[in-house]
Amino acid sequence: MKRLELRLAALAAEGQTLTYGALARDLGLRMGELTAALEDLMEQDAALGRPFRAVLCEGRLSRGLPAAGFFLKAAALGRFAPGQDEAAFAMAERAALWAAPPLTDC
């Protein structure tokens, strides 16, 4: 998971996003492995009160937003309410990551 955290930290520092497929290919992971690792990171981020690093991933067909599973996990972690504007939530999380100093625990 360290490589995933480092890649997400680099994306945050660059103010960029990446598709799940491209990230999985970059890291040599299967999609299921990537999504499980991203959900683990979401749990860590929620426990520490940090923005979700997984928000830097976008679905190929989701108009620049994370896939539906991201919002389901965010809701399960108490940070996203069903019916809340997904784009606004994602953009707020991304803005917080892009403005924050790089995470040093990666």
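Per chain, residue numbering runs from 1 following the sequence as it is written. Per-residue local features are limited, in this predicted model, to residues with pLDDT of at least 70; the limit for side-chain atom pairs, both in listing and counting, is 80 or more; totals at the level of whole chains, interfaces and linings are taken over all residues. Calculation of side-chain values draws on the structure's entire complement of heavy atoms; hydrogens and water are dropped beforehand.

Colleague: Just to check I follow, could you spell out the pattern of salt bridges for this structure?
Modeller: Note on pairing: side chains with opposite charge can pair once their charged atoms come close. Salt-bridge detection follows one rule: a side-chain nitrogen of Lys or Arg within 4 Å of a carboxyl oxygen of Asp or Glu. Tallied over the entire structure, the rule returns 6 salt bridges. Glu93 serves as the salt-bridge partner of Arg79, at 3.1 Å between the closest nitrogen and oxygen. Taken together, the residues Arg79 in the loop between helix H4 (68–76) and helix H5 (86–99) and Glu93 in helix H5 connect sequence positions 14 residues apart. With a relative accessible area of 26%, Arg79 lands in the partly exposed category. The classification of residues rests on relative accessible area computed with a 1.4 Å probe and restricted to protein chains. Under 20% of the type maximum is buried, over 50% is exposed, and intermediate values are partly exposed. Given the relative accessible area of 11%, Glu93 is considered buried. Linked through salt bridges whose partners overlap, the residues forming this network are Glu5, Asp45, Arg50 and Arg53. Each helix is a run of H or I in the DSSP string that is no shorter than four residues. Each strand is a run of E no shorter than two, and both are numbered from the N terminus.

Colleague: Help me understand the nonpolar core in this model?
Modeller: One recurring pattern in soluble globular proteins: nonpolar side chains tend to sit buried together. Residue types Ala, Val, Leu, Ile, Met, Phe, Trp, Tyr and Cys, when buried and joined through side-chain atoms within 4.5 Å, form a set referred to as a nonpolar core. Leu4, Leu8, Leu23, Leu38 and Phe70 are the most contacted members of the largest nonpolar core, which totals 28 residues. Whether two residues are in contact is decided by their heavy atoms, any of which lying within 4.5 Å being enough. If sequence neighbours within four positions are ignored, Leu8 has contacts with Leu23, Leu38, Leu41, Arg53, Leu56 and Cys57.

Colleague: Looking at this structure, I do not really get helix H3 (residues 31–48). What am I missing?
Modeller: Note that an α-helix has 3.6 residues per turn; residues three or four places apart therefore point the same way. Expected helix span is given by 1.5 Å per residue-to-residue step, counting one fewer step than there are residues. For H3, built from 18 residues, the straight-helix expectation of 26 Å at 1.5 Å per residue is met to within 8% by its first-to-last C-alpha distance of 26 Å. Among the residues of H3, those classed as buried are Leu34, Ala37, Leu38, Leu41, Met42 and Asp45. Angular distribution of buried residues about the axis of H3 spans 150°; they occupy a single face of the element. After H3 finishes, the residue Gly49 shows a positive phi value of roughly 70°. By definition, the arc is the one covered by directions from the helix axis to the C-beta atoms.

Colleague: Mind showing me how you'd approach H4 here?
Modeller: Where H4 is concerned, the buried positions are Phe70, Phe71, Lys73 and Ala74. For H4, the angular spread of buried residues about the axis comes to 160°, placing them on one side. Of the residues in H4, the exposed ones pointing more than 90 degrees away from the buried face are Ala68, Leu72 and Ala76. In this structure, the buried residues of H4 make contact with helix H2 (20–27), H3 and H5. A positive phi of about 80° marks Gly78, the residue just after H4.

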